[in-house]
Amino acid sequence: MKPFRLPNLVGPLTVAATCGVAEAILIEAASNHLGLGVQMPTPSWWGFMLEAAKQVSILKSMPWIWISPGFMIAITVLSINIMGDGLRDVLDPRATL
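Residues numbered from 1 in each chain as written. Predicted model: local features only at pLDDT ≥ 70, side-chain atom pairs only at ≥ 80, totals over all residues. Heavy atoms only, no water.

**Describing the overall build of the chain**
- Secondary structure summary: the chain contains four helices and zero strands in total.
- The order of α-helices and β-strands along the chain, N terminus first, is α-α-α-α.
- A burial count over the chain gives 21% of its 97 residues as buried.
- A fraction of 45% describes how many contacts in the chain between residues 6 or more apart in sequence connect residues 24 or more apart.
- Approximately 7100 Å² of the chain is accessible, and the part contributed by carbon and sulfur atoms is 73%. (Helix = DSSP H or I, 4+ residues; strand = E, 2+ residues; numbered from the N terminus. Buried < 20%, exposed > 50% of the residue type's maximum accessible area, 1.4 Å probe, protein only. Contact = heavy atoms within 4.5 Å. Areas by Shrake-Rupley, 256 points an atom, 1.4 Å probe, with all protein chains shown as cover.)

Structure below.
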(Lines give C-alpha, C1' and ligand atoms only; values in the text may rest on other atoms or scores of the structure.)
Protein backbone atom coordinates (compact mmCIF):
# COMPACT_ATOMS: atom_id res chain seq x y z
CA MET A 1 0.00 0.00 0.00
CA LYS A 2 1.39 3.38 -1.04
CA PRO A 3 1.75 6.10 1.59
CA PHE A 4 -0.50 9.13 1.52
CA ARG A 5 1.18 11.91 -0.47
CA LEU A 6 0.24 15.48 0.32
CA PRO A 7 1.94 17.12 -2.71
CA ASN A 8 -0.49 15.32 -5.01
CA LEU A 9 -3.39 17.17 -3.38
CA VAL A 10 -2.05 20.70 -3.73
CA GLY A 11 -2.95 21.15 -7.42
CA PRO A 12 -6.57 19.92 -7.25
CA LEU A 13 -7.21 21.77 -3.98
CA THR A 14 -5.88 25.00 -5.46
CA VAL A 15 -8.17 24.69 -8.49
CA ALA A 16 -11.15 23.83 -6.27
CA ALA A 17 -10.46 26.81 -4.01
CA THR A 18 -10.13 29.32 -6.85
CA CYS A 19 -13.23 27.95 -8.59
CA GLY A 20 -15.07 28.26 -5.27
CA VAL A 21 -14.09 31.92 -4.98
CA ALA A 22 -15.25 32.62 -8.54
CA GLU A 23 -18.51 30.78 -7.89
CA ALA A 24 -19.08 32.76 -4.67
CA ILE A 25 -18.65 36.02 -6.59
CA LEU A 26 -21.21 34.96 -9.20
CA ILE A 27 -23.69 33.72 -6.57
CA GLU A 28 -23.36 36.94 -4.59
CA ALA A 29 -23.90 39.07 -7.69
CA ALA A 30 -26.92 37.05 -8.79
CA SER A 31 -28.53 37.01 -5.35
CA ASN A 32 -28.05 40.77 -4.91
CA HIS A 33 -29.48 41.41 -8.35
CA LEU A 34 -32.55 39.36 -7.43
CA GLY A 35 -32.89 41.16 -4.09
CA LEU A 36 -31.93 38.14 -1.97
CA GLY A 37 -28.41 39.20 -1.01
CA VAL A 38 -27.06 41.67 1.51
CA GLN A 39 -29.16 44.70 2.30
CA MET A 40 -28.38 48.25 1.20
CA PRO A 41 -26.25 49.65 4.08
CA THR A 42 -23.75 46.82 3.57
CA PRO A 43 -21.46 47.59 0.63
CA SER A 44 -21.55 45.20 -2.29
CA TRP A 45 -19.77 46.09 -5.50
CA TRP A 46 -21.17 43.19 -7.51
CA GLY A 47 -24.92 43.23 -7.14
CA PHE A 48 -25.85 46.80 -6.25
CA MET A 49 -24.23 48.25 -9.36
CA LEU A 50 -26.29 45.89 -11.51
CA GLU A 51 -29.37 46.55 -9.39
CA ALA A 52 -29.54 50.11 -10.76
CA ALA A 53 -30.07 48.75 -14.27
CA LYS A 54 -33.23 46.73 -13.66
CA GLN A 55 -35.52 49.10 -15.56
CA VAL A 56 -35.84 48.72 -19.33
CA SER A 57 -35.50 52.45 -19.89
CA ILE A 58 -32.10 52.45 -18.16
CA LEU A 59 -31.02 49.35 -20.11
CA LYS A 60 -31.70 51.13 -23.38
CA SER A 61 -30.74 54.72 -22.66
CA MET A 62 -27.75 54.27 -20.30
CA PRO A 63 -25.99 50.97 -21.09
CA TRP A 64 -22.79 51.97 -19.25
CA ILE A 65 -24.64 51.44 -15.96
CA TRP A 66 -24.91 47.69 -16.53
CA ILE A 67 -22.12 47.00 -19.04
CA SER A 68 -19.28 48.17 -16.79
CA PRO A 69 -20.16 46.11 -13.68
CA GLY A 70 -21.07 43.07 -15.78
CA PHE A 71 -17.78 43.31 -17.66
CA MET A 72 -15.83 43.68 -14.41
CA ILE A 73 -17.56 40.65 -12.88
CA ALA A 74 -16.69 38.60 -15.96
CA ILE A 75 -13.06 39.81 -15.97
CA THR A 76 -12.65 39.13 -12.24
CA VAL A 77 -14.09 35.61 -12.42
CA LEU A 78 -12.05 34.80 -15.52
CA SER A 79 -8.82 36.09 -13.97
CA ILE A 80 -9.40 34.08 -10.78
CA ASN A 81 -9.95 30.92 -12.82
CA ILE A 82 -6.84 31.55 -14.93
CA MET A 83 -4.81 32.22 -11.79
CA GLY A 84 -6.01 28.91 -10.29
CA ASP A 85 -5.10 27.05 -13.45
CA GLY A 86 -1.65 28.64 -13.46
CA LEU A 87 -1.10 27.76 -9.81
CA ARG A 88 -2.11 24.17 -10.53
CA ASP A 89 0.48 24.02 -13.31
CA VAL A 90 3.18 25.45 -11.04
CA LEU A 91 2.36 23.26 -8.04
CA ASP A 92 1.89 19.97 -9.93
CA PRO A 93 4.63 17.56 -8.74
CA ARG A 94 4.30 15.40 -11.86
CA ALA A 95 4.77 18.28 -14.30
CA THR A 96 7.55 17.91 -16.81
CA LEU A 97 9.78 20.85 -17.53
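We are not done yet, so read on.
**Looking at the nonpolar core**
- Grouped together as the largest cluster of nonpolar side chains are six residues: Ala22, Ile25, Ala29, Ile73, Val77 and Ile80.
- Elements with a contribution of two residues or more to this core: helix 1 (7-34) and helix 4 (64-91).
- In contact with Val77, not counting residues within four places along its chain, are Ala22, Ile25 and Leu26. (Core = buried A, V, L, I, M, F, W, Y, C linked by side-chain atoms within 4.5 Å.)

**A short note on a nonpolar patch on the surface**
- Residues Val56, Leu59, Trp66, Ile67, Phe71, Met72 and Ile75 make up a contiguous nonpolar surface patch of about 620 Å² in total accessible area.
- The dominant element in the nonpolar patch, judged by the number of residues it contributes, is helix 4, at five residues.
- Summarising the element assignment, Ile67 is placed in helix 4.
- Residue classification places Ile67 among the partly exposed residues on the basis of a relative accessible area of 43%. (Patch = residues over 30% accessible without salt bridge, like charges linked within 9 Å, V, L, I, M, F, W, Y side chains within 5 Å. Salt bridge = Lys/Arg side-chain N within 4 Å of Asp/Glu carboxyl O.)

**Remarks on the confidence of the model for the chain**
- A residue-level look at the chain finds 77% of positions with pLDDT of 70 or above and a mean pLDDT of 77.
- When the elements of the chain are averaged for pLDDT, helix 2 (residues 45-51) gives the smallest value, 65, and helix 4 the largest, 85. (pLDDT = per-residue confidence, 0-100.)

**Describing the pattern of salt bridges**
- Applying the stated criterion to the full structure yields two salt bridges.
- Asp85 is paired through a salt bridge with Arg88; the nearest N and O atoms lie 2.6 Å apart. Here Asp85 pairs with Arg88, and both are found in helix 4, just three residues apart, close to one helical turn.
- Overall, the relative accessible area of 36% leaves Asp85 in the partly exposed class.
- A salt bridge links Arg88 to Asp89, with the nearest nitrogen and oxygen atoms 3.1 Å apart.
- Shared partners join several salt bridges into a network, and the residues in it are Asp85, Arg88 and Asp89.

**Comments concerning the side chain of Thr18**
- Note that Thr18 resides in helix 1.
- When neighbours within four sequence positions are excluded, Thr18 is seen to be in contact with Ile80, Asn81 and Gly84.

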